[in-house]
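# Observations on the model geometry
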Amino acid sequence: MITYPQQRTCPYHPASGYEELRDGTPLRKIRLVNGQEAWVVSGHDQARALLADPRVSADRTNAGFPMIVPPAVKAVHTSPNRPFIVRDDPEHNRVRRMLISEFTIRRLREMRPDIEQVVHDTIDTMLAAGPPTDLVTAFSLPVPSLVISRLLGVPYADHEFFEKATSDILRGRTPEVSVKATQDLIGYMTALAQDPPPGLIARLKADHVDTGAMTTDDLAFTALLLLGAGHETTASMITLSVITLLEHPEQLAAFRADPGTVPASVEELLRYLTIVESILRVAVDDIAIADVVIKAGEGIVIASSLVNRAADAFDDPDRFDLGREAAHHVAFGYGVHQCLGQNLARAELHLALPALFDRVPGLRLAAPVDELELRPIMTIQGVDALPVTW
Amino acid sequence: MHVEGDREVCVGAGMCVLTAPDVFDQDDDGIVKVLHEQPDAGEEDVVRQAATLCPSGAVKLLT
Ligand code: HEM
Ligand code: SF4
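As a starting point, this report considers the structure included with it. Owing to the predicted nature of the structure, the values given are computational and were not obtained by experimental measurement.

## Thoughts on the overall build of chain A
What chain A contains, in helices and strands, is 14 helices and 11 strands. The globule rule puts the C-alpha radius of gyration for 390 residues at 21 Å, and the 20 Å found for chain A is close to it. Along the first, second and third principal axes, the C-alpha atoms of chain A reach 60 × 55 × 40 Å. In chain A, which comprises 390 residues, the proportion classed as buried is 59%. Across chain A, contacts joining residues at least 24 apart in sequence account for 71% of those joining residues at least 6 apart. Summed over all atoms, the accessible surface of chain A reaches about 15500 Å², with 54% contributed by carbon and sulfur.

## Some words on empty space enclosed by the protein
Residues and elements named next belong to chain B. Counted by the stated rule, this structure contains three cavities of 30 Å³ or more. The volume enclosed by the second largest cavity comes to roughly 100 Å³. Taken together, 15 residues make up the lining of the second largest cavity; nearest its centre are Cys10, Ala13, Gly14, Cys16 and Cys54.

## Points about the coordination of the iron atom of ligand 1
Coordination of the iron atom of ligand 1 by the protein involves just one donor, A:Cys339 (SG), at a distance of 2.3 Å. As for its position among the elements, A:Cys339 is in the loop between α13 (304-307) and α14 (342-359).

## Here we look at the nonpolar core
General note: in soluble globular proteins, nonpolar side chains tend to be found buried as a group. Ranked by internal contacts, the top residues of the largest apolar core, which has 130 residues, are A:Tyr4, A:Phe139, A:Leu386 and B:Phe24. In terms of residue count, the dominant contributor to this core is helix α10 (residues 216-247) of chain A (16 residues). If we ignore the near neighbours within four places in the chain, the residues touching A:Leu386 are A:Thr133, A:Asp134, A:Leu135, A:Val136, A:Thr239, A:Val242, A:Ile243, A:Leu365 and A:Leu372.

## A word on the sheet that holds strand β10 (residues 364-365) of chain A
Residue and element names in this part refer to chain A. Taking strand neighbours across the sheet as the criterion, the three strands line up as β5-β11-β10 in an open arrangement whose pairing is antiparallel. For this open sheet the edge positions go to β5 (133-134) and β10, each flanked by a neighbour on one side alone. Where β5 meets strand β11 (residues 387-389), two bridges bridge the pair, whose relative direction is antiparallel. Within the sheet, the bridge partner assigned to Asp134 lies in β11 and is Pro387.

## Brief notes about the pairing of strand β3 (residues 37-41) of chain A
All names here are of chain A. The element β3 is largely enclosed, with a buried count of four among its five residues. Note that strand β2 (residues 27-32) and β3 share five bridges and pair antiparallel. Bridge pairing in β3 links Lys29 to Trp39. In textbook terms, the turn of a hairpin is the stretch between consecutive antiparallel strands, and for β2 and β3 this stretch comprises four residues, one of which, Gly35, has a positive phi near 95°. As defined by bridge partners, β3 adjoins strand β9 (residues 299-303) across four bridges and the pair is classed as parallel.

## Re the site of ligand 1
Residue and element names in this part refer to chain A. Contacts to ligand 1 come from 27 residues, most closely from His92, Arg96, Arg281, His337 and Cys339. A distance of 2.6 Å is found between an oxygen atom of ligand 1 and a side-chain nitrogen or oxygen belonging to His92. Taking His337, its side chain carries an N or O atom lying 2.6 Å from an oxygen atom of ligand 1. The set of elements that each furnish at least two residues to the shell around ligand 1 consists of α3 (91-99), α10 and β6 (278-283). Element by element, the count of residues in the shell around ligand 1 is highest for α10, at seven residues. In the shell around ligand 1, the residues fall into 18 nonpolar, seven polar and two charged.

## Here we look at the packing of helix α9 (residues 200-209) of chain A against α10(A)
Residues and elements named next belong to chain A. At a minimum axis distance of 11 Å, the contact between α9 and α10 shows a crossing angle of 150°. Comparing their axes, α10 and α9 come out roughly antiparallel. With respect to the hand of their crossing, α9 and α10 are arranged in right-handed fashion. For the pair α9 and α10, the contacting residues are Leu200, Ile201, Leu204, Lys205 and Val209 in the first and Thr216, Leu219, Thr222, Ala223 and Leu226 in the second. The class makeup of the residues in the contact of α9 with α10 is seven nonpolar, two polar and one charged.

Calculation rules
- Residues numbered from 1 in each chain as written.
- Chains lettered and ligands numbered in written order.
- Predicted model: local features only at pLDDT ≥ 70, side-chain atom pairs only at ≥ 80, totals over all residues.
- Heavy atoms only, no water.
- Helix = DSSP H or I, 4+ residues; strand = E, 2+ residues; numbered from the N terminus.
- Rg over C-alpha atoms; globule rule 2.2 N^0.38 Å.
- Buried < 20%, exposed > 50% of the residue type's maximum accessible area, 1.4 Å probe, protein only.
- Contact = heavy atoms within 4.5 Å.
- Areas by Shrake-Rupley, 256 points an atom, 1.4 Å probe, with all protein chains shown as cover.
- 1 Å grid on protein atoms, 1.4 Å probe; cavity = no way out; pocket = protein on both sides within 12 Å on 5 of 7 lines; lining within 4 Å.
- Points joined across faces, edges and corners; volume = space filled by probe spheres on them.
- Donors = N, O, S within 2.8 Å, 3.2 Å for Na, K, Ca; no water.
- Core = buried A, V, L, I, M, F, W, Y, C linked by side-chain atoms within 4.5 Å.
- Pairing = 2+ DSSP bridges.
- Near = heavy atom within 4 Å.
- Polar contact = N/O pair within 3.5 Å; in protein donor to acceptor, adjacent residues only side chain to side chain.
- Nonpolar A, V, L, I, M, F, W, Y, C, P; charged D, E, K, R; others polar.
- Axes fitted to C-alpha atoms, helices over the stretch in contact; angles between N-to-C directions.
- Parallel < 35°, antiparallel > 145°, perpendicular 65-115°, else oblique.
- Left-handed = near helix turned anticlockwise from the far one by under 90°.

Here it is in structure tokens:
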């Protein structure tokens, strides 16, 4: 019997055990690794329809919710102060609307010079230290971590603390480690939210906490979400993109030759790599879709890595093809929860990847791809370390 | 073709602005603003694409 999720064996392909889920049946009820049953969705139209359907809920406190998450994530996502990513409208919308002005295309355009500076400074430091190195600690992680901490007004001097705590929460190693990491990070953010340095947190405090629209606890959990979502994901995308491009030298050559191809290439990397493999929901009403009925209270798992390889949405979907039209991928989700930071992530990827290949032309992997240790299931997909040289 | 941006349902993802920057913008609050409601014939394809990529259904096409 097929189960979900399953461990990847290649950093850029969905688990081979998912083959059965790719026969064209858009959704089916199967048993998850935690013993619950849920509808696992691999069809592109159905995934988008469900993610945009108001009868579909992101509320983790619903008994039928498919809880395939590490324990510390579950604790944060079911706490009374849980962030808006796990709430439904209108509560979700109320907080999201406080934030969208910070992430508009125009704001991102204004941030580009700063992001570019961060990218080049990070490469300078990496080059000065010399090869070989671990690309994750030398480049992939510091770039988004610096960018998000500056945007939020979180002191970057604390980056080792918040990076490790975030990783401990998302990874859920032992219960003791993740409980302590959660408490430490919530404590840190609560203190920061009371007297924030200049930045997004301070702006939220002035506009919404000081006016009584938001509590300090809500601000702390919102900031925690932005900080965590803002660095782990983008870091993983940078690392996996580097692996994938180095493994496809002809595509890399085209990518380097023409800066005009970068935005479309980044969409293809997002589609192909789908680092957030599953988007979790529960039905709050009966939903008839593709000849089945999802009953109220049943769990829904959008298998994004399979949706992004649906044959009726992408030609020859397992082919990595930087020239294809891939913008309709669901790597950032769909519907009202679609990634708030997607244009920040795009800006970082558009700037970081070409600069890295430009300034380190001899960059190559220092270990074979099949020897890399891959992140376990229920985490943001990727690797924790990437030995490289040049 | 006539385009509308529903400011109540917009979630500010900016996909419309990315896809058809001559037709859509976001206001200071990050909410969709349609720059011209009657796109030129040459713009209709990207406007249609913006409507399918909009995650919230806020981009509405009336023909
Ligand atoms: C390549 C990097 C990224 C990927 C692949 C990614 C992926 C996702 C996905 C799939 C969702 C939807 C979750 C759901 O529907 O349940 C999401 C939501 C979210 N992401 Fe990202 N993300 C990335 C970068 C970022 C960055 C840089 C930020 C910075 C602030 C961010 C902040 C958020 C927030 C706040 C939400 C919740 C939005 C809501 O519920 O309305 N993400 N992201
Ligand atoms: S794509 Fe849709 S949700 Fe996003 S800004 Fe445009 S109208 Fe709003």
